[in-house]
Amino acid sequence: MRQTLLLVAERGYDAVTVDELAAAGGVTKKTLYDIYGSKQALVAQAVALRLDTLIGNFEEMLSGDGLARLITIVEQTCRAVLDTPELSRALAPRLVSSADEFHLTAFFERLHRQAIAQMKAEKLIQPWVNVDFTARSMMFDQIAVQNMWAGGNIRDEDYTGFALLGALRIVTPLARASLRKDLVENVRKLQSELSYGQELAAEN
């Protein structure tokens, strides 16, 4: 599976062939089709295994209340994306149309949804908040940010800031008054930092 991801990172998803993937896995093309059925299913399985590893690594880092956990999850996800930029860029377009097949939905269910549910249990967000809907909204927002980055519209150094900004913008209107003021200030600060970064980029 590692060889599959390395090939996709090196050649791009569309360019890599089933013959190349089969050769990398030490099997025939027929065997690959018999096991997985399609190139996308094979790549999706490889991505799923990587996400399972990331989930385990992330969970070891999580502490504090639900908001602290959510912020850590977003930051660590961005770090994982930036640690494998070629692979992340190659897969970004697929995540929009095939989130379930690539196990991204399960990734958000396990991590982001749990953090949001914890926030609700801790009474940091309103009791009427639909946890499932909020987690899914966050998934689509984070995918959109990754695609903007993959397309060169967000610099590497700004990627985490935009991802955090997206997550906090979703949480802020759901927060109780005791938390909302701090969230609004954090959103304002991120917007200011990112605007300044974009101005510097334009000058250079």
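Residues numbered from 1 in each chain as written. Predicted model: local features only at pLDDT ≥ 70, side-chain atom pairs only at ≥ 80, totals over all residues. Heavy atoms only, no water.

## Some remarks on the overall build of the protein chain
Now for step 1: Along its length, the protein chain carries 11 helices and zero strands.
Now for step 2: When the elements of the protein chain are put in sequence order from the N terminus, they spell out α-α-α-α-α-α-α-α-α-α-α.
Now for step 3: In terms of principal-axis extent, the alpha carbons of the protein chain reach across some 60 × 45 × 25 Å.
Now for step 4: The buried share of the protein chain, taken over its 204 residues, is 43%.
Now for step 5: Taking all contacts inside the protein chain whose residues are at least 6 apart in sequence as the whole, residues at least 24 apart take part in 67%.
Now for step 6: When the accessible surface of the protein chain is summed, it comes to about 10,700 Å², and 52% of that surface belongs to carbon and sulfur atoms.
Now for step 7: For the protein chain, the distance from the average site of its 22 positive side-chain charges to the average site of its 26 negative ones is 5 Å. (Helix = DSSP H or I, 4+ residues; strand = E, 2+ residues; numbered from the N terminus. Buried < 20%, exposed > 50% of the residue type's maximum accessible area, 1.4 Å probe, protein only. Contact = heavy atoms within 4.5 Å. Areas by Shrake-Rupley, 256 points an atom, 1.4 Å probe, with all protein chains shown as cover. Lys, Arg positive; Asp, Glu negative; His and termini not counted. Charge placed at Lys NZ, Arg CZ, Asp CG, Glu CD.)

## Some points on the nonpolar core
Now for step 1: Membership of the largest hydrophobic core comes to 65 residues, with the highest contact counts inside it found for Val-8, Leu-104 and Phe-107.
Now for step 2: Of all the elements, helix H4 (residues 39-61) adds the most residues to this core, at nine residues.
Now for step 3: With near-sequence residues (within four places) excluded, Leu-104 lies in contact with Leu-51, Leu-95, Ala-99, Met-139 and Ile-143. (Core = buried A, V, L, I, M, F, W, Y, C linked by side-chain atoms within 4.5 Å.)

## Looking at the pattern of salt bridges
Now for step 1: In this structure the tally under the stated criterion is 10 salt bridges.
Now for step 2: Close ionic contact of Glu-20 with Arg-11 constitutes a salt bridge, the shortest N to O distance being 3.1 Å.
Now for step 3: Glu-20 sits in the partly exposed class, given a relative accessible area of 27%.
Now for step 4: Of the charged contacts, one joins Glu-185 and Arg-188 as a salt bridge, the two residues approaching to 2.7 Å between their closest N and O atoms. With Glu-185 and Arg-188 both in helix H11 (residues 177-203) and three residues apart, this pair spans about one turn of that helix.
Now for step 5: With a relative accessible area of 44%, Arg-188 lands in the partly exposed category.
Now for step 6: Through salt bridges with shared partners, a single network forms among Glu-109, Arg-113 and Asp-132. (Salt bridge = Lys/Arg side-chain N within 4 Å of Asp/Glu carboxyl O.)

## Regarding unusual backbone geometry
Now for step 1: Here the phi dihedral of Lys-123 falls at roughly 65°; this positive angle occurs in a residue that is not glycine.
Now for step 2: Along the chain, Lys-123 turns up in the loop between helix H8 (112-121) and helix H9 (131-150).

## Observations regarding the packing of aromatic side chains
Now for step 1: With the rule as written, the count across this model stands at three aromatic pairs.
Now for step 2: Note on Phe-107 and Phe-108: the rings are 5.9 Å apart at their centroids and 75° apart in plane angle, and the pair reads as edge-to-face. Take Phe-107 and Phe-108: they sit in the same class, and that class is buried.
Now for step 3: Feature note: the residues Phe-58, Phe-107 and Phe-108 constitute an aromatic cluster, connected by ring pairs. (Phe/Tyr/Trp six-rings, centres within 6.5 Å; stacked < 30°, edge-to-face > 60°.)

## Digging into the packing of helix H1 (residues 2-11) against helix H2 (residues 18-25)
Helix-helix packing is described using two parameters, namely the angle between the two axes and the distance between the axes.
Now for step 1: In the contact formed by H1 and H2, the axes pass within 9 Å of each other and the chain directions differ by 140°. Between H1 and H2, the angle falls in the class oblique. In terms of crossing hand, the pair formed by H1 and H2 is right-handed. On H2, the residues touching Gln-3, Thr-4, Leu-7 and Arg-11 of H1 are Glu-20, Leu-21 and Ala-24.
Now for step 2: Residues that form the contact of H1 with H2 fall into these classes: three nonpolar, two polar and two charged. (Axes fitted to C-alpha atoms, helices over the stretch in contact; angles between N-to-C directions. Parallel < 35°, antiparallel > 145°, perpendicular 65-115°, else oblique. Left-handed = near helix turned anticlockwise from the far one by under 90°. Nonpolar A, V, L, I, M, F, W, Y, C, P; charged D, E, K, R; others polar.)

## Observations concerning the packing of H9 against helix H10 (residues 156-171)
Now for step 1: It is at 10 Å that the axes of H9 and H10 come closest, and there the two elements cross at 160°. Taken together, H9 and H10 sit at an angle that is classed as roughly antiparallel. Helix-helix and strand crossings are classified by hand; for H9 and H10 the assignment is right-handed. Mapping the contact onto sequence places Thr-134, Ser-137, Met-138, Asp-141, Gln-142, Val-145, Gln-146 and Trp-149 in H9 and Asp-156, Tyr-159, Phe-162, Ala-163, Gly-166, Ala-167, Ile-170 and Val-171 in H10.
Now for step 2: Class assignment for the residues of the contact of H9 with H10 results in nine nonpolar, five polar and two charged.

## Focus on the side chain of Gln-142
Now for step 1: Tracing the backbone shows Gln-142 in helix H9.
Now for step 2: Here the side chain of Gln-142 touches Ala-163 through a polar contact of 2.9 Å, landing on its backbone oxygen.
Now for step 3: Leave out the neighbours within four places in its chain, and Gln-142 touches Val-74, Phe-108, Ala-163, Gly-166 and Ala-167. (Polar contact = N/O pair within 3.5 Å; in protein donor to acceptor, adjacent residues only side chain to side chain.)

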